[in-house]
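# Architecture at a glance
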Amino acid sequence: MLPHKQIESALQAAVHTVLSDADAASVLVRPCDPKFGDYQSNALMSLAKTRKLNPRQLASDVVANLDVSKICEKVVIAGAGFLNFRLKNSLLTQTLEAAARGEHLFFVKAASPKTIVIDFSSPNVAKPMHVGHIRSTGIGDALQRTLRLLGHRVISDNHIGDWGTQFGKLLLGWKNILDCAAIERDAIAELERLYKVINAECDANPARLEEAKSELVKLQAGDVENVAIWKEMIALSQKQFDEIYGRLGVKFDHALGESFYNPWLGEVVNDLLAKKIARESEGAVGVFSDGSQPPKEDPFLVNRDGEWIADPALVRKSDGGFNYTTTDLATIDYRLKTWSPQEIIYVVDDRQSGHFKKLFATFARWKPDAAKTTKLIHVGFGKIMGEDGKPFKTRSGDTVKLGDLLDEALERAYKTVCEKSAELPAAQQHEIARVVGLGAVKYADLLPNRQSDYIFSWDKMLALQGNTAPYLLYAYARIKSIFRKAEVKIQNAEIKLVAPEEITLANHLLNFGITLEAVAEELRPNYLCNYLFELAGKFTSFYENCPVLKADDAATRDSRLALCDLTARVLKQGLETLGIETVEQM
Ligand code: ARG
């Protein structure tokens, strides 16, 4: 068992002895400031708070029942009731040796794996994927990779927007103004054009709008021609999505689009009406506040000029059509029946947080028992801004298409590769540019706290210095070059940790697992980015201060080579978990 897990289970046992009714599983340890120790637990303070106990007293009671003498130096109670642990050097060494033998890579699978559905990317049919889609796609993919690595059963589902009122206009356009050559050339651009032209016509002319509506009604009624055209539009879009996912290396277990849930939408609304969760209002049907929450926290109320007014979740329009929420409710029901997940995670723009609050509250009223066993989580994120501080756009003010952005990333990376690694064969230069370019874009998106907006900067993300993918990829390739030079295989090296830089690096390697757990718990891939950046930095100080190939003796050299190898392995696994490939040489 890894040291932090040993400490955790000893600590949980001690907590259980002192407070038999406490939820001991919530008592965790986290890495801490090396000044104070290697690990810290702050869990006792919240336990003390809920029980109105003196936290320092609780801490000393727990420590009196805690036996970690084989793993740690003396446990220190700090501040208001933190526990600080410092690992014994012998344990650190043993853990690294086990890792060097391939027994683990500083993480373990979850003791009780969860079934987790993750809904991410979810672009809309007949529209190009734009730069904003990198957010849901990249964050969602990093999360599915992390959760899978930790042994959870993950079901990823791309909830494609393939249904809705836009199809009335698209159908009208397809039947009247379709340019066959253009659809062959660039299907999405042509679909976009159809929509724009017809939309403008509908705005100007109510009769045109009626025509579009009747195309939609025919589609909804299963008209053979309209259904065939609609399917064709989906297939054309899917081709473009698949191309982008292929480039990004992102895979889904399912891509059940919104249309998949059509057959159940009527039932959902009837059930909500029968259970008095929804009611009619001005011809439409919606879910309203049930008054169970203070207005400020009530998702079904908004404040307008100091007054709280109803802001229902609409589930049926006055024309009988259904809403986004209706589909999402049917989707939850399907996911529960099909996979019985403990969690459903939605990786969607923060601008939809109102939708998800209402959706989750409606679900809790609709299926109160299921809501006790299945947690719904909105993993929100902010916007991508341009260097001018406004939402990121092309020079001409259009949204940036994701495909174009990836092309540009590769081109820019290729230029740098040609400058820095002129001696490499052309094919290898292109491969490096691909990995670096894609990695840079993905990493820059994963690095900020996901809820903050961030500024898109080519220069920053492609820099070889700083917290960037190129820096980490370079750090990895540099370690690999040591092994090319050394032409050695390290086997079962004995590890000796003497220099402070060796100990610091070793401790940081041990934190890989805890970091992955923190990413999984808080659904924040940026923790892993920062961990890897620190790892590369700690490796650099080690490498500058501790000669490896020129070490004084063979034993020291082998021990240091083992540290190099473990660092490379963690870097590679860490980057892969973020969805970033590596190259052996740069
Ligand atoms: N297609 C939606 C959009 O582009 C996102 C869907 C997110 N997932 C969901 N279950 N609502 O806004």
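Scroll up to find the structure.
Note that the structure is predicted; figures quoted are calculated from it, not measured. (Residues numbered from 1 in each chain as written. Predicted model: local features only at pLDDT ≥ 70, side-chain atom pairs only at ≥ 80, totals over all residues. Heavy atoms only, no water.)

Once that is clear, we can look at the packing of helix 8 (residues 187-204) against helix 10 (residues 224-248). Contact geometry for helix 8 and helix 10: axes closest at 9 Å, N-to-C directions at 130 degrees. The orientation of helix 8 relative to helix 10 falls into the category oblique. Note on packing geometry: the crossing formed by helix 8 with helix 10 is left-handed. Side by side, helix 8 and helix 10 meet where Ala187, Ile188 and Leu191 of the first sit next to Met233, Leu236, Ser237 and Gln240 of the second. Residues of the contact of helix 8 with helix 10, tallied by class, amount to 5 nonpolar, 2 polar and no charged. (Axes fitted to C-alpha atoms, helices over the stretch in contact; angles between N-to-C directions. Helix = DSSP H or I, 4+ residues; strand = E, 2+ residues; numbered from the N terminus. Parallel < 35°, antiparallel > 145°, perpendicular 65-115°, else oblique. Left-handed = near helix turned anticlockwise from the far one by under 90°. Contact = heavy atoms within 4.5 Å. Nonpolar A, V, L, I, M, F, W, Y, C, P; charged D, E, K, R; others polar.)

Structurally, the α-helix is built with 3.6 residues per turn, so residues lying three or four positions apart point the same way. Taking 1.5 Å of rise per residue, 23 residues should cover 33 Å, and helix 19 (residues 500-522) covers 32 Å from first to last C-alpha, within 8% of that figure. Helix geometry: helix 19 is bent most strongly at Phe512, by close to 35 degrees. Leu523 lies just past helix 19 and shows a positive phi near 55 degrees. (Expected span 1.5 Å × (residues − 1). Bend = angle between axes of the 7 residues up to and from the residue.)

Across 3 bridges, strand 2 (residues 39-41) lies against strand 4 (residues 82-85) in antiparallel orientation. Of the residues in strand 4, the one forming a bridge with Gln40 is Asn84. Both strand 3 (residues 76-78) and strand 4 contribute to a ladder of 3 bridges, which runs antiparallel. Bridge pairing links Val76 to Asn84 in strand 4. (Pairing = 2+ DSSP bridges.)

Lining the immediate surroundings of the ligand are Asp119, Ser122, Asn124, His159, Tyr324, Asp328, Tyr346, Val348, Gln352 and Phe356. Asp119 places a side-chain nitrogen or oxygen 2.8 Å from a nitrogen atom of the ligand. Ser122 places a main-chain nitrogen or oxygen 2.9 Å from a nitrogen atom of the ligand. Alone, the ligand offers 350 Å² of accessible surface; in the complex the protein occludes 86% of this. Class assignment for the residues of the shell around the ligand results in 4 nonpolar, 4 polar and 2 charged. (Near = heavy atom within 4 Å. Polar contact = N/O pair within 3.5 Å; in protein donor to acceptor, adjacent residues only side chain to side chain. Areas by Shrake-Rupley, 256 points an atom, 1.4 Å probe, with all protein chains shown as cover.)

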